[in-house]
Amino acid sequence: MTQSFPEEVLEHVFSFLTSHTDRNAVSLVSKSWYDTERWCRDHVFIGNCYAVNPRVLTRRFKEVKAVELKGKPHFADFNLVPEGWGGCVDPWIVEMGRVYSGLEEIRLKRMEVTDEGLEMVAKGFGKLKVLVLASCDGFSTDGLAAVAANCRNLRVLDLRECEVEELSCHWLSHFPDSFTLLESLNIACLSSEVSFSALERLVSRSPNLKTLKLNRTVPLEKLSTLLQRAPQLVEFGTGAYSAEGLDAYSSLAEAFSGCKKLKSLSGFWDVIPAYLPAVYSVCSQLTSLNLSYATTQSPDLSKIISHCHNLQRLVVLDYIEDTGLETVATSCKDLKELVVFPSDPYVADANVPLTEQGLVSVSQGCTKLHSVLYFCRQMSNSALVSISKNRPNITCFRLCILEPRSPDYLTLEPLDTGFGSIVENCKQLTRLSMSGLLTDRVFEYIGKHAKKLDMLSIAFAGDTDLGLHYILSGCDSLRKLEIRDCPFGDKALLANASKLETMRSLWMSSCFVSFGACKLLGQKMPRLNVEVIDERENLNSIPENVPVEKVYIYRTVCGQRFDMPDFVRIMGKDKADVYNLS
Amino acid sequence: MSVPLEHDYIGLSDASRSSDSSSNITSVTETQPNSVLNFKATELSLGLPGFSKNGGPTIMLGAKRGFADVNLDGSGKWALKGGSEAQLGGFEKSQTLTPDVKPAEDKKKGSGSAPPSAKAQVVGWPPIRSFRKNTMAANSSKNADVTEGNLASGGCLFVKVSMDGAPYLRKIDLKIYHNYTELSKALEKMFSCFTLGNGVKGREGLSESNLKDLLHGSECVLTYEDKDGDWMLVGDVPWEMFIDSCKRLRIMKGSEAIGLAPRSMEKCKNKI
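No experiment lies behind these values; they were computed from the predicted model shown.

Helix and strand counts for chain B stand at nine helices and five strands. Reading chain B from its N terminus to its C terminus gives the helix and strand order α-α-α-α-α-α-β-β-α-α-β-β-α-β. For chain B, buried positions account for 46% of its 272 residues. Across chain B, the fraction of contacts at a sequence separation of at least 24, relative to all contacts at a separation of at least 6, is 57%. Of the roughly 13,700 Å² that chain B leaves accessible, carbon and sulfur atoms contribute 54%.

Now the structure itself:
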């Protein structure tokens, strides 16, 4: 039946499929669909760079315009993955440079990028339009200079949350004077000064610039100049939002009022509250506001937020307090995403009146709320139950109670029923991060109810292997599981070995998974890489029943890595077992 | 709910399903037998490390490599000890996995009388990215008095440490050290594996003969990049001022380092 469709028709139908999951599904239907699909897929997403290798990519897809690659596991964000682990993008750039001369978009997340790699990108992909480096490191401003100098077609340069070695402030000057195509520039991660004159000239000659996110060193006094040059901005990130005196205020306020299309504001380091009203004229336009570096108190925050009636995304510090979140609940009826970071996470009693009540208020007042990341110091089962009943439409729920294993502060019981209520009522939940005191029971609830759960993060929770077993056997949609400091060990892991092939990856650190189990798993499951990450000396003489420090298990078609540092071992794969799938 | 007998995916079908559990972990809240997961064939003990099933201590598991010490736990107490004590102690510390519920009293908060104290830090907790942590640490040290200093406000400050010739960099948390001596000892341990050529797969491994030159000559200098982007010699300014302005560290060696007078560079002359 499928053979009767001419290829052109199939290709035309496939062209309407943009999501990579749809594309992957379609390619599994039959050999001919697989072949047709691979010839016409031009956007490729690789969620784990070690699940395949560059040759596998270029052999399968021939004319790729956009590639997205992810490297290190998520817990690398919190320094749990030692430096040197891997995820270097250079081999990918070499191979893609050989085959994909028409590559237009490169998006990398948590990968190591070198200056040499950036030079190869700059010189090898003449049509490059988009370069997004998210949480990447390993490169310097020299690499950026090479990109600026050579990428004549660049529209987007986004360095979100990268660690850049800042050797020079002049790399921006490497954009030629004739270069006028820039649409998006995000340099907020840079801590050193960039040449302001180069920046100003660049902004002035970029009529299509929609996104400009400055770094902290750009002074407030210079903002109005930039905004006047680019009143068409849609997303703007300020630098340090403070100045001596108020001289700069009126020109800043006027400059903001000229930005009729502005929808997103961020930056706001070192806020002087007196300058906050300068943005009032654009508040009602804003759909996204990030005040998470603004160390200013609740009244000032509440005032500005109360003007933002169309806000959909709010990122803020716990200085907002419960009262400020009540303002959010009444003023921001379109709110979809709330993020509250802690101002002082390492102090035991910080005396900031932000409690579970703030989140409950928002869950009551903001009917469109579906994504939450909330740091706080206390939580109760009753609050969690309320939240789940108020907002059954929540799809992403990440709660971090700062003190590990904190119980319900009212009843001193575990928070099992609270989180159980979340997974039971929020039937579309795809992402969950838990904290507080949790027993195996909560995992029973999760395994039973969280059928759409895609990503789960667990820390300092559970009692026995049963906990892990409930998750692995119950969560049908689970693809990413990351666990730290939980008493989960070999039994649950080995009993659910085949589940691991249906997932992208499993991370377990400071748990009870032994060397022996890792070896056994690696031997029995050829399509899994069981990476033990362990920095102890004399690994070979540690008995097999001793737990590993960290294990990272992921499915792969490529077997061995060849770029491992000495603290990473792939277990259970003797040389005889190594093979390459074509 | 009864736990269903699991398919044995990896062919250990001879595992007995008896209720005898080889697990040394008990759970106060356990209501279901976990016997279904008892694979005797694997004979994997779930006891704490360093202890055999018979209850006696087993061999010492060997020292952690020096540079691992600093990663394991943020509190200063664990960071600098080498040897097996740190190995077992540090491991236990990160494995506070006794299932007993902590006494409720420990958890009660709200007594406003005691001043806020900096907590012993667990690596990577709370889950906040370094960029944010460093930014907030810089903020709080600006707002606090100099005397309160960075200790009261807690926080941590991860900076990269590079050593000329080493194949990869490391990261350390400056806040866990209290003076230059502690820092230099930790760095010495951290990078000793490179200097000893201890199983390093690097592009430029160092040999043992280099080590001697390194440590006993004036061939190694510790420098740091400050907030202004300048490279400074470590040791000139008071410790608090140093950690306030240090953005990254670099262990220089070779010709660049010769001639830079290392006044407080005792670490270069320390024995291994």
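So, on to the overall build of chain A. Of the regular secondary structure elements, chain A holds 21 helices and 23 strands. Its C-alpha atoms give chain A a radius of gyration of 25 Å, within 12% of the compact-globule value 25 Å for 582 residues. Seen through its C-alpha atoms, chain A measures out along the principal axes to roughly 70 × 65 × 60 Å. By the burial criterion, 62% of the 582 residues in chain A qualify as buried. The long-range share in chain A, meaning contacts at least 24 apart out of those at least 6 apart in sequence, stands at 70%.

Turning our attention to the packing of aromatic side chains. Residues and elements named next belong to chain A. A full pass over the atoms with the stated rule returns 24 aromatic pairs over all chains. Here phenylalanine 75 and tryptophan 507 contribute two aromatic rings whose centre-to-centre distance is 6.3 Å and whose plane-to-plane angle is 85 degrees, an arrangement assigned as edge-to-face. Taken together, the positions of phenylalanine 75 in the loop between β2 (66–70) and α5 (90–99) and tryptophan 507 in strand β20 (residues 505–509) put the pair 432 residues apart, joining distant regions of the chain. Judged by its relative accessible area of 2%, tryptophan 507 falls in the buried class. Taking NZ or CZ as reference, lysine 222 lies 4.7 Å from the ring centre of phenylalanine 196, over its face. Between the NZ or CZ atom of arginine 561 and the centre of the ring of tyrosine 50, over which it lies, the distance is 4.1 Å.

The next subject is the packing of helix α12 (residues 298–306) of chain A against helix α13 (residues 321–331) of chain A. Residue and element names in this part refer to chain A. Where α12 contacts α13, the two axes come as close as 9 Å, and the packing angle between them is 5 degrees. As judged from the angle between their axes, α12 and α13 are roughly parallel. In this structure, α12 uses Ser298, Ser302, Ile305 and Ser306 to contact α13, whose residues at the interface are Glu321, Thr323, Gly324, Thr327, Val328 and Ser331. Within the contact of α12 with α13, the residues separate by chemical class into two nonpolar, seven polar and one charged.

Residue and element names in this part refer to chain A. Judged by how many residues are buried, β2 sits mostly within the fold: four of five residues are covered. Judged from the four bridges that link them, strand β1 (residues 43–46) and β2 form a sheet pairing that is parallel. By the bridge assignment, isoleucine 46 is partnered in β2 with leucine 69. You can see the chain leave β2, run along α5 and come back into strand β3 (residues 105–109), and the turn it takes is right-handed.

A few words now on the pattern of salt bridges. Per the stated rule, a full pass over the model turns up 37 salt bridges over all chains. Arg248(B) serves as the salt-bridge partner of Glu165(A), at 3.7 Å between the closest nitrogen and oxygen. Taken together, the residues Glu165(A) in strand β7 (residues 163–165) and Arg248(B) in strand β5 (residues 248–253) connect one chain to another. With relative accessibility at 32%, the residue Glu165(A) sits in the partly exposed group.

Attention shifts here to the pairing of strand β22 (residues 550–555) of chain A. Residue and element names in this part refer to chain A. For β22, the tally of buried residues reaches five of six residues, placing the bulk of the element in the interior. Note that β20 and β22 share five bridges and pair antiparallel. Paired with tryptophan 507 across the bridge in β22 is tyrosine 552. Sheet analysis places strand β21 (residues 528–533) next to β22, joined by six bridges and oriented antiparallel. Opposite valine 530, over in β22, you have isoleucine 553 as the bridge partner.

Bringing helix α3 (residues 31–40) of chain A into the picture now. Burial in α3(A) covers these residues: Trp33(A), Thr36(A), Glu37(A), Arg38(A) and Cys40(A). Where the residues of α3(A) are buried, they touch α1 (7–14), α2 (20–26) and α4 (54–60) of chain A.

Residue and element names in this part refer to chain B. Taken together, five strands build an open sheet; the order of strands is β2-β1-β5-β3-β4 and the sheet is mixed. Because the sheet does not close on itself, it has two edges, and the strands there are β2 (170–173) and β4 (231–233). On average, adjacent strands in this sheet sit at an angle of 30 degrees to one another, irrespective of strand direction.

In this section: the packing of α5(A) against helix α6 (residues 115–124) of chain A. Residues and elements named next belong to chain A. It is at 9 Å that the axes of α5 and α6 come closest, and there the two elements cross at 20 degrees. Relative to α6, the element α5 lies roughly parallel. Between α5 and α6 lies a crossing of left-handed hand. For the pair α5 and α6, contact is made by Asp90, Ile93 and Val94 and by Gly117, Met120 and Val121, respectively. Tallied by class, residues from the contact of α5 with α6 come to four nonpolar, one polar and one charged.

Now for the confidence of the model for chain A. Chain-level statistics for chain A give a pLDDT mean of 95 and a share of 98% at 70 or above. Low confidence marks residues 576–582 of chain A, where pLDDT is under 50. Its contacts with residues over four positions away, or in another chain, come to nine contacts.

Next up on the list: the side chain of Ser288(A). All names here are of chain A. Among the secondary structure elements, serine 288 is positioned in strand β12 (residues 288–290). Owing to a relative accessible area of 14%, serine 288 belongs among the buried residues under this scheme. Here serine 288 is in contact with Lys263, Ser264, Leu265, Leu311 and Arg313, once residues within four sequence places are set aside.

Parameters at a glance
Residues numbered from 1 in each chain as written. Chains lettered and ligands numbered in written order. Predicted model: local features only at pLDDT ≥ 70, side-chain atom pairs only at ≥ 80, totals over all residues. Heavy atoms only, no water. Helix = DSSP H or I, 4+ residues; strand = E, 2+ residues; numbered from the N terminus. Buried < 20%, exposed > 50% of the residue type's maximum accessible area, 1.4 Å probe, protein only. Contact = heavy atoms within 4.5 Å. Areas by Shrake-Rupley, 256 points an atom, 1.4 Å probe, with all protein chains shown as cover. Rg over C-alpha atoms; globule rule 2.2 N^0.38 Å. Phe/Tyr/Trp six-rings, centres within 6.5 Å; stacked < 30°, edge-to-face > 60°. Lys NZ or Arg CZ within 6 Å of the ring centre and 35° of its normal. Axes fitted to C-alpha atoms, helices over the stretch in contact; angles between N-to-C directions. Parallel < 35°, antiparallel > 145°, perpendicular 65-115°, else oblique. Nonpolar A, V, L, I, M, F, W, Y, C, P; charged D, E, K, R; others polar. Pairing = 2+ DSSP bridges. Right-handed = clockwise from strand over helix to strand, strands pointing away. Salt bridge = Lys/Arg side-chain N within 4 Å of Asp/Glu carboxyl O. Left-handed = near helix turned anticlockwise from the far one by under 90°. pLDDT = per-residue confidence, 0-100.

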